[in-house]
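A closer look at the structure
Residues per chain are reported as follows:
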2 protein chains.
Amino acid sequence: MRVLGIDPGLTRCGVGVVDVEPNRTARLVDVVVLRSPAELDTPRRLARIAEGLEAIIDEHRPHAVALERVFARSDVSTIMGTAQISGVAMLIAARRSLPVALHTPSEVKAAITGYGRADKAQVGAMVARILGLDAVPKPADAADALALAICHAWRTGGVAGAAVADAKAPVPEGTVLTPAQRAWIAAERSAAVSGAARRLKE
Amino acid sequence: MRVLGIDPGLTRCGVGVVDVEPNRTARLVDVVVLRSPAELDTPRRLARIAEGLEAIIDEHRPHAVALERVFARSDVSTIMGTAQISGVAMLIAARRSLPVALHTPSEVKAAITGYGRADKAQVGAMVARILGLDAVPKPADAADALALAICHAWRTGGVAGAAVADAKAPVPEGTVLTPAQRAWIAAERSAAVSGAARRLKE
């Protein structure tokens, strides 16, 4: 499953593309941070980011788009820019018939590090480890976009709607799994087993 | 000057097109309320509204787009939908090289009724009067979109960057002006006169 993750922003918009196998192993395809100069007006800044997003989607043809779910924060101008970019990203995805999923920052952190309040450094370090990278992707927007993409693939079981079946698939020999991946697989297997057990009892 | 006003919303998006002369008289060109069904996911709803906006812009070819400036309000989900639609509208305008202007609700009310805290009924009644309509455009989103478009044309003097010169243009015989239009013209003429007086003194 190829997922494009977007950490939406008007000044810096992180975009990461990963391939994730049903056994949870993930591979980096591409990662960029799209930028728009603050001197431009908002419509032109949105158009600049939109162009970059369209180019990446058309180049890598992901199966799904994962976006950070935006919440109201203290800085209204930041929320607006983020919500506007999210709207533009959703429009671009919808026009290509790509499914869009939203994940909250704590959902992403929990999926990647096993801890919903992990800091940016922990998320970055885990992203590098999961993808087998020598260094943490910089800036944080790049790592966050990759984390979103991985989170989405893992939460949907690598193939949308096939989470339980996939969790039972054997992990190939020599695959290095992170603690979070191992914990996730164990949790899903146990859920699958208890689900099966429940069904037997009913 | 032909202006397209947008009262952004995911459920109902008001879109009004008006022609405004330098002497402030305004004529209705078109008004619609674009809707998207709540059963669709947000990306598809945005795409639905975007299609409608593009069709109206391509049909009427306005010179400028006026959008309601979105502020943080109590209901976060409403802000998000509104900001997302705004982002989509800005993108569509930017891709057609159309200038986009933002006006706050109180700026619109002040321009149309002379009172920044006017209620929806007052704004609707003045919009009908300014455009010479027999009835107030319904729903309120339609009237608000027209008010935005008129407000934008008036605030920019009917022709962007030509406010003072235009304010001096004579109003044609028989033109019915609203109190707000008369007050606006008087204020601009007095500003133009005092500006000229200041320049003579300097």
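Parameters and conventions
- Each residue is numbered by its place in its chain's sequence as written, counting from 1.
- Think of it this way: whatever chain is written first is A, whatever ligand is written first is 1, and the rest follow in order.
- Where totals are concerned, whole chains, interfaces and linings use all residues; where local detail is concerned, this predicted model gives features only for residues with pLDDT of at least 70, and gives and counts side-chain atom pairs only at 80 or more.
- The side-chain numbers reported here are obtained from all heavy atoms of the structure, hydrogens and water having been left aside.
- Labels follow the DSSP assignment, with helices taken as runs of H or I lasting at least four residues and strands as runs of E lasting at least two, numbered in each case from the N terminus.
- The span expected for a helix works out to 1.5 Å for each residue beyond the first.
- Partly exposed describes any residue whose relative accessible area lies between the buried limit of under 20% and the exposed limit of over 50%, with all areas from a 1.4 Å probe on protein chains only and scaled to the type maximum.
- When checking whether two residues touch, look at their non-hydrogen atoms; a contact exists if any pair is within 4.5 Å.
- For any pair of parts, buried area is found by adding up, for both, the accessible area (1.4 Å probe) each one loses once the two are put together.
- By definition, a salt bridge exists where a carboxyl oxygen of Asp or Glu is found within 4 Å of a side-chain nitrogen of Lys or Arg.
- Here the term charged refers only to Asp, Glu, Lys and Arg, the term nonpolar to Ala, Val, Leu, Ile, Met, Phe, Trp, Tyr, Cys and Pro, and the term polar to all other amino acids, Gly among them.
- Least-squares superposition aligns the copies on the C-alpha atoms of those residues with pLDDT at or above 70 in both.
- Geometry is summarised by axes, namely lines fitted to C-alpha atoms with helices restricted to the contacting stretch, and by angles between N-to-C directions that run from 0 to 180 degrees.
- Throughout this description, any angle smaller than 35 degrees is read as roughly parallel, any larger than 145 degrees as roughly antiparallel, any in the 65 to 115 degree range as roughly perpendicular, and the remainder as oblique.
- By convention the crossing between two helices is left-handed if the near helix lies anticlockwise of the far one by an angle smaller than a right angle, and right-handed if it lies clockwise.
- Strands qualify as paired when DSSP identifies two bridges or more between them.
- Remark: nonpolar core denotes a set of buried residues (Ala, Val, Leu, Ile, Met, Phe, Trp, Tyr, Cys) joined through side-chain atoms within 4.5 Å.

To continue, consider helix α5 (residues 140–155) of chain B. All names here are of chain B. Taking 1.5 Å of rise per residue, the 16 residues of α5 would be expected to cover 22 Å, and the 22 Å separating its terminal C-alpha atoms lies within 8% of that figure. Within α5, 14 of the 16 residues are buried, which leaves it mostly tucked inside the rest of the structure. One or two steps after α5, the chain reaches G157, where phi turns positive at roughly 75°.

This part takes up the interface of chain B and chain A. Taken together, the 24 residues of chain B in the interface contact 24 residues of chain A. Between chain B and chain A, the buried area comes to about 1800 Å², and carbon and sulfur atoms account for 77% of it. Summed over the shared surface of chain B and chain A, the number is two salt bridges. E54 of chain B is the salt-bridge partner of R95 of chain A, the closest N and O atoms lying 2.9 Å from each other. The greatest single-element share of the side of chain B that touches chain A, amounting to 12 residues, is contributed by helix α2 (residues 76–95) of chain B. Classifying every residue of the side of chain B that touches chain A gives 16 nonpolar, four polar and four charged.

For the pair chain B and chain A, the relating rotation is 180°, the translation along its axis is 0.0 Å, and the fit reaches an RMSD of 0.0 Å. Look at the turn and shift together and you get a two-fold axis relating the two. In terms of proximity to the rotation axis, the leading residue of chain B is Q84 of chain B, whose C-alpha is 2.3 Å off the axis. When you check the interface residues of chain B against chain A, 100% turn up at the interface there too, and the contact is symmetric in its surfaces.

We now examine the packing of helix α3 (residues 105–113) of chain B against helix α4 (residues 120–131) of chain B. Residue and element names in this part refer to chain B. Relative orientation of the contacting elements α3 and α4 amounts to 50°, with a least axis distance of 9 Å. Our classification of the angle between α3 and α4 gives oblique. Crossing of α3 over α4 shows left-handed handedness. Residues K109, I112 and T113 of α3 form the contact with α4, whose participating residues are Q122, V123, M126, V127 and I130. A per-class count over the contact of α3 with α4 returns five nonpolar, two polar and one charged.

On to the sheet that holds strand β4 (residues 64–68) of chain B. Residue and element names in this part refer to chain B. With mixed pairing, the five strands of this open sheet are ordered in space as β3-β2-β1-β4-β5. Two strands close off the open sheet at either side, each with one partner strand: β3 (26–35) and β5 (100–103). The average undirected angle you get between the axes of adjacent strands in this sheet is 20°. Bridge count between strand β2 (residues 12–20) and β3: nine bridges; the pairing is antiparallel. Its bridge partner lying in β3, V20 is registered against A26.

All names here are of chain A. Reading across from one edge, β3-β2-β1-β4-β5 is the order of the five strands in this open sheet, with mixed pairing throughout. Among the strands making up the open sheet, the edge pair consists of β3 (26–35) and β5 (100–103). Neighbour-to-neighbour, the strand axes of this sheet turn through a mean angle of 20°, independent of strand direction. This element, helix α5 (residues 140–155), spans β1 (2–7), β2 (12–20), β3, β4 (64–68) and β5 of the sheet and lies at about 40° to β2.

What follows concerns unusual backbone geometry. Look at the link from K138 of chain A to P139 of chain A: it is a cis peptide, with omega at -10°. Examined against the element boundaries, P139 of chain A turns out to sit in the loop between α4 (120–131) and α5. A positive phi angle, close to 55°, is found at S97 of chain B, a residue other than glycine. Along the chain, S97 of chain B falls in the loop between α2 and β5.

Residue and element names in this part refer to chain B. Side chains of β5 alternate between two faces, with A101 and H103 buried and V100 and L102 left unburied. Bridge analysis of β4 against β5 gives four bridges, and the strand direction is parallel. Paired with L67 across the bridge in β5 is L102.

Core analysis: the largest hydrophobic core is formed by 51 residues, its most contacted members being L4, I6 and L53 of chain A together with L4, I6 and L53 of chain B. The residues touching I6 of chain B, leaving out its near neighbours within four places in the chain, are C13, G14, L53, V65, A66, L67, E68, A89 and L148 of chain B.

Before going further, it helps to spend a moment on the packing of α4 of chain A against α5 of chain A. Each pair of packed helices gets described by two things: the angle between the helix axes and the distance between those axes. Residues and elements named next belong to chain A. Running from N to C, α4 and α5 point in directions that differ by 60°, and their axes come no closer than 9 Å. As the angle between them shows, α4 and α5 are arranged oblique. Remark: the crossing between α4 and α5 carries left-handed chirality. Facing α4, whose interface residues are K120, V123, G124, V127, I130 and L131, α5 presents A140, A143, D144, L146, A147, I150 and W154. Looking at side-chain class alone, the contact of α4 with α5 contains 10 nonpolar, one polar and two charged residues.

For the structure shown, the criterion picks out 16 salt bridges over all chains. Between R12 of chain B and D141 of chain B there is a salt bridge, with its nearest N and O atoms 2.9 Å apart. Of the two residues, R12 of chain B is situated in strand β2 and D141 of chain B in helix α5; the sequence distance between them amounts to 129 residues. Judged by its relative accessible area of 37%, R12 of chain B falls in the partly exposed class. Several salt bridges converge on common partners, so that one network encompasses R2, D19 and R27 of chain A.

Read these as spatial facts, not as claims about activity.
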